[in-house]
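Geometric and topological summary
What follows is each chain in one-letter form.
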Amino acid sequence: MTYAITQTCCNDATCVAVCPVNCIHPTPDEPDFGTTEMLYIDPRSCIDCGACADACPVDAIFPADRLPEPLREYEEINAAHYAGREPAPVLASPTFHPWGAPSFTRSLPADFAPIRVAVVGTGPAGMYAAEDLLLHTNAEVTLIDRLPVAGGLVRYGVAPDHPATKGAGDTFARFHAHPRVRMRLGVQIGVDVTPDELAAHHDAVVYAVGAPSDRRLGIPGEDLPGSVSATSVVSWYNAHPETGADAVRPAAERVVVVGNGNVALDVARVLLTDPEALARTDIADHALAALRDARVREVVLLGRRGPEDAAYTASELLALKHLPGVDLVVDDQDPRTGAAVDAAEPGTKAALLRGVGRETVDWTRPPAPGRRRIVLRFHSAPVEALGAEHVRAVRVTERGAAAGTEIATGLLVRAIGYRGVPLAGLPFDETTGTVPHEAGRVAGLPGSYVVGWIKRGPSGGIGANRACAEETVGTLLADAVAGALPKPTGTAQEFRRLARSRSGGGLVDARGLASIDRAERARGREAGRPRVKLATLPELVAAARGGRRRLRG
């Protein structure tokens, strides 16, 4: 028997590190690691030890003969990755196997003095950096977030129907109560505390602030009511406290989503999934209520290019094909679409659409009653959102029609990518939406570093941040050894007092965060759900304070 890696693979390569026979590829040392959609197990080399499944932070690895029905095809997907390749050589004992030559990229002196590092942002990028520092050095880490709760993208970016992916948050949460960690949540750097003040109290600062904004379409009518960003939709169904309960109104029968990346697929899937299935997740209460009342029966995904160049990963497309009660359809309006699918090489994205129904959709008619469906429309881009006081349709390009065609909709969602925003006191590249850096070191600011999307742009999932953080932390430590870090003038306790005085009473520490977690899980138990999120800033802060009162009493 062999194991197989499935849909929720996060690419953080924890499984690679524990595999005793080197049968999981690509590894972080291989050229295609940075571009692969997922990792794969070689069935010819796997010895069925299960170490990879035990180590996987997102429960993506299963014995091949026990794969659930929707995941059965991953046994073939894993095997196909190695078709025509020689398996890695293995010696007689699986404990001693040939790896690459040992490489020691870091060298810390025995008398390396403890350093105090602030990590701004508690999403995956920030937590991988904190984990690296805590496990491999004697550093003290201050975790800072502008929200009074930790989690970042794991809490507010992962779709509620992907609970295994959210499991990565449990891996990070074990560091929240680490004896060398101080949590200062509810503090916004650049607003409550300046970067200079933060730097004055720490030897180094690592910014992991992500890419919180979205890219615009640049078309007439884009700012009409009913035209929203995928960022808003994702925040809405994930109970982000800065997104109101009425930020999204899924009242139309048809929704048009511009883009065909994984976020676009997430939005389509959540809008069409049976609300009773979503009621078993941690979806926001207000979103669940709205979706129960919604009339959405069709979501159209617009892709500017063809199916061979789609931005979604193969695993997320495969998940759509198994969505209960939802049909997947390819709009056959452009002959290039069908031709690309028919001519696609096995294993490519276009080839995955073989067997999916094709239809030349009549957009003058409303969605058919009785069924729900997702329509993939390739070689088509929006040119104008139409409507007077609210979006009523979107005009899109169509081959052979100079004026394009109109698709009636009451909700237009742009899902064409995220973008970083400037942070006061740090340099910023407007073209790339990132902070200029050298291997993570912020240009012109000794002691300041970046990691994650603000460093490399909005690319890569959760696991991609592990290697990114390793590079940044390596640069930071090299600077520390070289004596290049500025000496802090303030203490950790002085920073705590500063943060508390500036936060307006909203500062949350590790005990407060644990209290929020208990409160949400308790609400979840009452509703038969994993948790019910507190959806406003006052609710989160009140839950944190309530925990402190109980502890003091």
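Structural notes, computed from the coordinates. (Residues numbered from 1 in each chain as written. Predicted model: local features only at pLDDT ≥ 70, side-chain atom pairs only at ≥ 80, totals over all residues. Heavy atoms only, no water.)

Focus on the overall build of the protein
Counting its regular elements, the protein contains 19 helices and 23 strands. Scaling as 2.2 N^0.38, a compact globule of 553 residues should have a C-alpha radius of gyration of about 24 Å, and the protein matches this with 24 Å. Along the three orthogonal principal directions, the C-alpha set of the protein runs to about 70 × 65 × 50 Å. Here the protein holds 553 residues, and 55% of them are scored as buried. Summed over all atoms, the accessible surface of the protein reaches about 24000 Å², with 53% contributed by carbon and sulfur. Put simply, the protein has 61 plus and 66 minus side-chain charges, and the middle of one group is 6 Å from the middle of the other. (Helix = DSSP H or I, 4+ residues; strand = E, 2+ residues; numbered from the N terminus. Rg over C-alpha atoms; globule rule 2.2 N^0.38 Å. Buried < 20%, exposed > 50% of the residue type's maximum accessible area, 1.4 Å probe, protein only. Areas by Shrake-Rupley, 256 points an atom, 1.4 Å probe, with all protein chains shown as cover. Lys, Arg positive; Asp, Glu negative; His and termini not counted. Charge placed at Lys NZ, Arg CZ, Asp CG, Glu CD.)

Let's talk about the sheet that holds strand S11 (residues 254-258)
Within the open sheet, the seven strands sit side by side as S10-S19-S11-S12-S15-S13-S14. Their pairing is parallel. This sheet does not close on itself; its edge strands, each paired only once, are strand S10 (227-229) and strand S14 (357-359). Between one strand axis and the next, the sheet turns by 25° as a mean value, whatever way the strands run. Taken together, the three bridges between S10 and strand S19 (residues 411-414) define a ladder with parallel strand orientation. Bridge pairing in S19 places serine 229 opposite arginine 414. In the packing of helix H9 (residues 230-237) onto the sheet, the strands contacted are S10 and S19, and the crossing angle to S10 comes to about 75°. (Pairing = 2+ DSSP bridges. Axes fitted to C-alpha atoms, helices over the stretch in contact; angles between N-to-C directions. Contact = heavy atoms within 4.5 Å.)

Things to note about the packing of H9 against helix H10 (residues 262-272)
As a packed pair, H9 and H10 sit with axes 10 Å apart at the nearest point and diverge in direction by 50°. Between H9 and H10, the crossing angle belongs to the class labelled oblique. Read as a crossing pair, H9 and H10 show a hand that is left-handed. Two secondary-structure elements touch here, H9 through Ala230, Val233, Val234 and Tyr237 and H10 through Val263, Asp266, Val267 and Val270. In the contact of H9 with H10, the residues fall into seven nonpolar, no polar and one charged. (Parallel < 35°, antiparallel > 145°, perpendicular 65-115°, else oblique. Left-handed = near helix turned anticlockwise from the far one by under 90°. Nonpolar A, V, L, I, M, F, W, Y, C, P; charged D, E, K, R; others polar.)

Some words on the sheet that holds strand S18 (residues 401-408)
If you walk across this open sheet you meet the three strands as S16-S17-S18, and the pairing is antiparallel. Edge positions in the sheet fall to strand S16 (382-386) and S18, since each has one partner strand and no second. Put simply, the sheet's adjacent strands are angled 30° from each other on average, direction ignored. With four bridges connecting them, S16 and strand S17 (residues 393-398) associate as antiparallel partners.

Some words on the nonpolar core
Core analysis: the biggest nonpolar cluster contains 125 residues, and Ile24, Ile41, Tyr237, Val257, Val299, Leu301 and Leu353 have the highest contact counts within it. For leucine 301, the contacting residues outside a window of four places in its chain are Val257, Gly259, Ala264, Leu265, Ala268, Ile374, Val375, Leu376 and Arg377. Formed by 20 residues, the second largest nonpolar core is a distinct cluster that contains Ile189, Leu426, Phe428 and Leu498. (Core = buried A, V, L, I, M, F, W, Y, C linked by side-chain atoms within 4.5 Å.)

Things to note about the pairing of strand S12 (residues 298-302)
Within S12, five of the five residues are buried, which leaves it mostly tucked inside the rest of the structure. Of the two faces of S12, both are covered, the one formed by Glu298, Val300 and Leu302 as well as the one formed by Val299 and Leu301. Across five bridges, S11 lies against S12 in parallel orientation. Note on S12: the bridge partner recorded for valine 255 is valine 299. Taken together, the five bridges between S12 and strand S15 (residues 372-377) define a ladder with parallel strand orientation. Within the sheet, the bridge partner assigned to glutamate 298 lies in S15 and is arginine 373.

What to know about helix H12 (residues 285-293)
Turning to H12, its buried residues are His286, Ala287, Leu288 and Leu291. Looking at the buried residues of H12, the elements they touch are H9, H10 and helix H11 (275-278).

Quick notes on the pattern of salt bridges
In total, this model carries 43 salt bridges according to the counting rule given. With a closest N to O distance of 2.8 Å, arginine 297 and glutamate 253 form a salt bridge. Taken as a pair, arginine 297 in the loop between H12 and S12 and glutamate 253 in the loop between H9 and S11 lie far apart in primary sequence, 44 residues in all. Across the salt bridge formed by aspartate 285 and arginine 529, the nearest N and O atoms sit 2.7 Å from each other. Of this pair, aspartate 285 sits in helix H12 while arginine 529 sits in the loop between helix H18 (510-527) and helix H19 (537-552), placing them 244 residues apart in sequence. Classification of arginine 529 by relative accessible area gives buried; the value is 9%. Taken together, the salt bridges that share partners define one network made up of Arg155, Asp170, Asp517, Glu520, Arg521 and Arg531. (Salt bridge = Lys/Arg side-chain N within 4 Å of Asp/Glu carboxyl O.)

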